[in-house]
Amino acid sequence: MTGPPAHSGQPEQRPVEAVLHEAGFPVDLLTEEQRMVLSELTPQELTLLLDVKNRLDAVGPEVQAHGEIAGGALF
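Residues numbered from 1 in each chain as written. Predicted model: local features only at pLDDT ≥ 70, side-chain atom pairs only at ≥ 80, totals over all residues. Heavy atoms only, no water.

### Side note on the pattern of salt bridges
Between side chains of opposite charge, pairing is possible as soon as their charged atoms come close. To be explicit about the condition: Should a side-chain nitrogen of Lys or Arg be within 4 Å of a carboxyl oxygen of Asp or Glu, the pair is scored as a salt bridge. Secondary structure elements follow DSSP: runs of H or I of four or more residues count as helices, runs of E of two or more count as strands, with numbering from the N terminus. Three labels apply to residues, based on accessible area from a 1.4 Å probe with only protein chains included: buried if under 20% of the type maximum, exposed if over 50%, partly exposed otherwise in between.
Throughout the structure, instances matching the rule amount to four salt bridges. For the salt bridge of Glu22 with Arg14, the shortest nitrogen-to-oxygen distance reads 3.0 Å. Note that Arg35 and Glu17 form a salt bridge whose closest N and O atoms lie 3.6 Å from each other. One end of the pair, Arg35, is in helix H2 (residues 32–39); the other, Glu17, is in helix H1 (residues 16–22), and 18 residues separate them in sequence. With a relative accessible area of 23%, Arg35 lands in the partly exposed category. On the basis of relative accessibility, which here comes to 34%, the residue Glu17 falls in the partly exposed class.

Laid out in structure tokens, this is it:
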């Protein structure tokens, strides 16, 4: 009987696209070429990209709120 390969002791590595999607990147809106570039990111590049997104998200709501309030009030 054959089954899945034995566990090597290392954590299973998830596809980069899945990690980015879970982090809120709109990967489903990207072209195949853009997805290919993302799929080739090194673990260090992925970590950096996620860190930058987290920092942008941390300041995003304040900026977005001003834009929504100002936009609604002025237009």
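### What about the side chain of Lys53?
What counts here: Definition of a polar contact: a pair of N or O atoms within 3.5 Å, with one able to donate and the other able to accept a hydrogen when the atoms are protein atoms, and with sequence-neighbouring residues admitted only if both atoms are side-chain atoms. We call two residues contacting when some pair of their heavy atoms lies within 4.5 Å.
Within the element layout of this structure, Lys53 appears in helix H3 (residues 43–74). A polar atom in the side chain of Lys53 sits 3.1 Å from the backbone oxygen of Ala23. In this structure Lys53 touches Ala23, Gly24 and Phe25, once residues within four positions along its chain are discounted.

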